[in-house]
Amino acid sequence: MSKKPSAKSDSNTSAKPGFVEIALPVPLRQTFTYLVPETLQGEIRLGSRVIVPFGRRQLTGYAVAFHEHLPPNLDLDESSIKNVAESLDPEPLLTRKILDLTKWTADYYFSSWGEMLKASLPSGINARVDQIVQITPSGREEFARFDPDKKKPTRILILSYLAENEELAIRELKKTFGASKTQRAVYDLIKLGLITKHQVLAKNTARPKLRKAVRLISDKLPDSKGKALSDAHKRIIETLTSHDREMLFTDLSDKAGVGSSPINTLSKRGLLEIFKKEVSRDPFHGAELPKVKHFDLNDEQNSALTKITEAAANRKYRAFLLHGVTGSGKTEVYIRAMKKVLKTGRSSLMLVPEIALTPVFSKRLRAVFGKEVAILHSSLSRGERFDEWHRIRAGKAKIVIGTRSAVFAPLKKLGLVVVDEEHDTSYRQHEMPFYNGRDTAIVRAKFADAVVILGSATPALESFHNARSGKYDYLKLENRIGDRPLAQAKLIDMREVFEQHGKDLVFAPELMEAIEKTHDRNEQSLILLNRRGFSQFVLCRSCGESIRCPNCDITLTYHKHDKQLICHHCDHREREPGKCPSCESEFLFFLGQGTEKIENFLSSKFPDLRIARVDRDTTKKRKQLENTLAEFSRGEIDMLIGTQMLAKGHDFPNVTLVGVISVDTGLSMPDFRAAERTFQLLTQVAGRAGRGRLPGTVLIQTYYPEHYALKHAKTQDYDAFYDQEIMFREKYHFPPFVSLAAIFVKHPNYDYAMDNAKIYRAALDSTRDAKRCIILGPAPAALPRLKGEYRLQILIKARNRKVLRQVLDDASIEAEKNSCDLKVIFLEIDPVNML
């Protein structure tokens, strides 16, 4: 097996040649060369999945290039190259266009191409090779000898499991005993001969759904036994005739009002055929779709639509920034543009940042375009995702809406890409493989000669800067539909509230009064607090210690409903404490507030209000969020309390009051985008008020009303905010004036992490273009320890993106030469989270 940094095809698309380049889902930025055995000649095609040996394992990989002969840059003997073990696909799952897109994405973000390809496919479709362990006779004897009254170590517990189950996948044992304990115990047990290990190819967890169906062959065949058709038989034939002669077995039984016996009888007589039929799992099944209403576009919308459709007709890449205030009708522009593109025989892709927004948009699109629409996001079942992906791949769906990973949907003849709420940080994948869905969507449009629309009421500074510099065409919607006014916003100075009442209040009296008056008028309200849980942390009054996460350098958040302390980063959980774990004092303070405490407080103050909470804790179950938002939209809930999930894209005409609690938390984050994100959040949530016939009010509680982000959010003046923020970005050398890379060094041992960070920093300094960059660090990250790992950070800024890339490439090579462990080095290009 051999390595190479990139894979280029020798223009072959199927494996008649002798060698194939395989991208593997491992954290290595390279492909691997394998020999194609005679038995697989012609079976492997570009984009096919294959099983290959990799070290002691077998992995699913992806064929990305072919060679008739070994490339000359690989100084290897043919005899050392391993064979492909198995080909999995009669037809390749990955198209050339998706291969090109994932290759670009992996290269740009310094990610593994194999991991990017795996991420581009729906969960459950990738074949998995399981490591299976089995107990030996010696293992059974060892388990039988162990004293049952003694505390069982992990290795004995594993033997116990295997004694009952014969064999188990190691991944199942890890779920029970933890990854590190299982790994150590399995290693010891194999060494002692108490268990054995082998590999098996697991079946795909997602497969086509098959249902029993009935087809009418003939309604005129003579009965061989001379028996006349019964009334039940006649109803079956009549029902099938009225349904195009084919139905699902259960549907036929229900509609004809018969059991299975008369259907089976007709099948035996040769009038019917009973067979298995592949059926699609429809995510919209049973959903109530909105009525399609015709809207007359205003002048601003018409102007924007004309420019977009003219560009699409030219079939050349063009990027538009559609900057429209909240409620200005951006969605209607998207839909009209999709209609125009669909008429030309091309497809459209729409990305939204949150799963919370997909039900709203997808139902509207389904109502307009019918079954031309497919939906892709992680909240769907594996079967639904499998079916939707295959509908797209087969060209049966020409409009796709989804979250970040939908950017890799296998659409054909792409003509339009829409990225709604383009500023949202949810488009960024924060774990391997790293990528930004918005920027990848732009590149996908460019590859397809398609038009891309970036839509937002609060564009990312980089996007607005690109529009001002002419890189994007700028379209502006300055007015709300129907010329409705923007909500009136007011900053409540909580310093003055403290002076008046002599203590900190969660709610200013002005906001409490506004809530009461709003609901006296039978109007609705939203309360935003971007922090879930009941209390931020638990503090001991005696010793001053707070209860912290053992895996992360942060305090645990108290969740009253679960009676637990929870880490919001690693999900570590502890029972509600009765006393301080440090000094055993019973005097514990539960300090700070989250959405759960706000809900409790307002429920006690306004017992007649129907209040619901929307955060990650209350929306774990499928469709729970969708149902809550639907109830609120129907007026069955008076108030929603929640996190930033409430701020984006929702249209509630009866909401006239928005209250924002503790807005200063976002401003205090150690991130150069803190002001931008605070401005965006406030402007977006303010846009939820006053979208109907009634005017809206926004009350923002703050201890820092002088901050420019808050002052401009109050007036919802994006241009003024941009002009002030962009000065700071230029002065302190931050995007969009520089290209930025963040290097995180992570390891459970701090000294090991720091040693590798210093080696990598020295490698950066040794590069030819290092003097053309600003290099900072290594230093502890803002969150210095997460999930049991210490985190160190190095920042690199460069005026020229090519210079940044060259420095990183050269430094990685030099660092590896100097024994740097690159497995602990994580490069993020264009990071959006500096914590």
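Presented here is a report on the structure given in the accompanying data block. (Residues numbered from 1 in each chain as written. Predicted model: local features only at pLDDT ≥ 70, side-chain atom pairs only at ≥ 80, totals over all residues. Heavy atoms only, no water.)

1. A look at the overall build of the chain
Selection rule: Every helix listed is a DSSP run of H or I at least four residues long, and every strand listed is a run of E at least two residues long, numbered separately from the N terminus. Working definition: with a 1.4 Å probe on protein chains only, accessible area under 20% of the residue-type maximum means buried, over 50% means exposed, and in between means partly exposed. Residues count as neighbours in contact if any of their non-hydrogen atoms are within 4.5 Å of one another. Only the protein chains shown count as cover for residues, and all accessible areas are computed by the Shrake-Rupley method using a 1.4 Å probe. Think of it this way: Lys and Arg go in the positive column, Asp and Glu in the negative one, and His and the chain ends go nowhere. Here the site of a charge means NZ on Lys, CZ on Arg, CG on Asp, or CD on Glu.
When you go through the chain residue by residue, the secondary structure sums to 25 helices and 36 strands. Its C-alpha atoms give the chain principal-axis dimensions of roughly 95 × 75 × 70 Å. Considering the chain as a whole, with its 835 residues, one finds that 52% of them fall into the buried category. If you take every contact in the chain between residues at least 6 apart in sequence, the share linking residues at least 24 apart comes to 76%. A total accessible area of about 39,500 Å² is found for the chain, and carbon and sulfur atoms account for 48% of it. Taken together, the 130 basic and 105 acidic charged side chains of the chain have centroids lying 3 Å from each other.

2. Comments concerning the packing of helix H1 (residues 96-108) against helix H2 (residues 113-120)
Operational definition: Note on definitions: angles span 0 to 180 degrees between N-to-C directions of axes, and those axes are lines fitted to C-alpha atoms, for helices only across the stretch in contact. Working definition: roughly parallel below 35 degrees, roughly antiparallel above 145 degrees, roughly perpendicular at 65 to 115 degrees, and oblique for all remaining angles. Should the near helix be turned counterclockwise from the far one by less than a right angle, the crossing is left-handed, whereas a clockwise turn marks it as right-handed. Asp, Glu, Lys and Arg are counted as charged, while Ala, Val, Leu, Ile, Met, Phe, Trp, Tyr, Cys and Pro are counted as nonpolar; the rest, among them Gly, fall into the polar class.
Axis separation between H1 and H2 bottoms out at 9 Å; the angle between their running directions is 130°. Comparing their axes, H2 and H1 come out oblique. The crossing of H1 and H2 is right-handed. For the pair H1 and H2, contact is made by Ile 98, Leu 99, Thr 102, Lys 103, Thr 105 and Ala 106 and by Trp 113, Met 116, Leu 117 and Ser 120, respectively. For the contact of H1 with H2, the residue count by class is 6 nonpolar, 3 polar and 1 charged.

3. A few points about the environment of Ile 170
Tracing the backbone shows Ile 170 in helix H5 (residues 170-177). Along the primary structure Ile 170 and Thr 182 are separated by 12 residues, whereas in three dimensions their C-alpha atoms are 7.8 Å apart. Filtering out sequence-adjacent residues up to four positions away, Ile 170 remains in contact with Gln 131, Val 133, Thr 182, Val 186 and Lys 197.

4. Let's talk about unusual backbone geometry
Cis geometry is adopted by the peptide bond preceding Pro 736, which originates at Pro 735 and carries an omega value of 15°. Along the chain, Gly 777 connects to Pro 778 via a cis peptide bond; the corresponding omega equals 10°. Within the fold, Pro 778 resides in strand S34 (residues 773-786). Here Arg 245, not a glycine, exhibits a phi torsion of approximately 65°, which is positive. Among the secondary structure elements, Arg 245 is positioned in the loop between helix H7 (231-242) and strand S11 (246-248). Judged by its relative accessible area of 34%, Arg 245 is partly exposed. Backbone geometry at Asp 483 places phi at a positive 55°, although glycine is not the residue there.

5. Concerning the pattern of salt bridges
Put simply, the rule is: Whenever a carboxyl oxygen of Asp or Glu lies within 4 Å of a side-chain nitrogen of Lys or Arg, that contact is scored as a salt bridge.
Inspection of every chain in the model, using the stated rule, returns 43 salt bridges. The shortest N-O distance in the salt bridge between Lys 277 and Glu 246 comes to 3.3 Å. Residue Lys 277 is located in strand S12 (residues 272-279), and its partner Glu 246 is located in strand S11; the two are separated by 31 residues in the primary sequence. What makes Lys 277 partly exposed here is its relative accessible area of 30%. Relative accessible area serves as the criterion here: at 26%, Glu 246 is assigned to the partly exposed category. Of the charged contacts, one joins Arg 336 and Glu 332 as a salt bridge, the two residues approaching to 2.9 Å between their closest N and O atoms. Of this pair, Arg 336 and Glu 332 both sit in helix H11 (residues 330-343), separated by 4 residues, roughly a single helical turn. Each member of the pair Arg 336 and Glu 332 is classed as buried. Via salt bridges that share partners, Arg 215, Glu 246, Glu 273 and Lys 277 belong to a single interconnected network.

The quantities given are spatial measurements derived from coordinates; they are silent on function.
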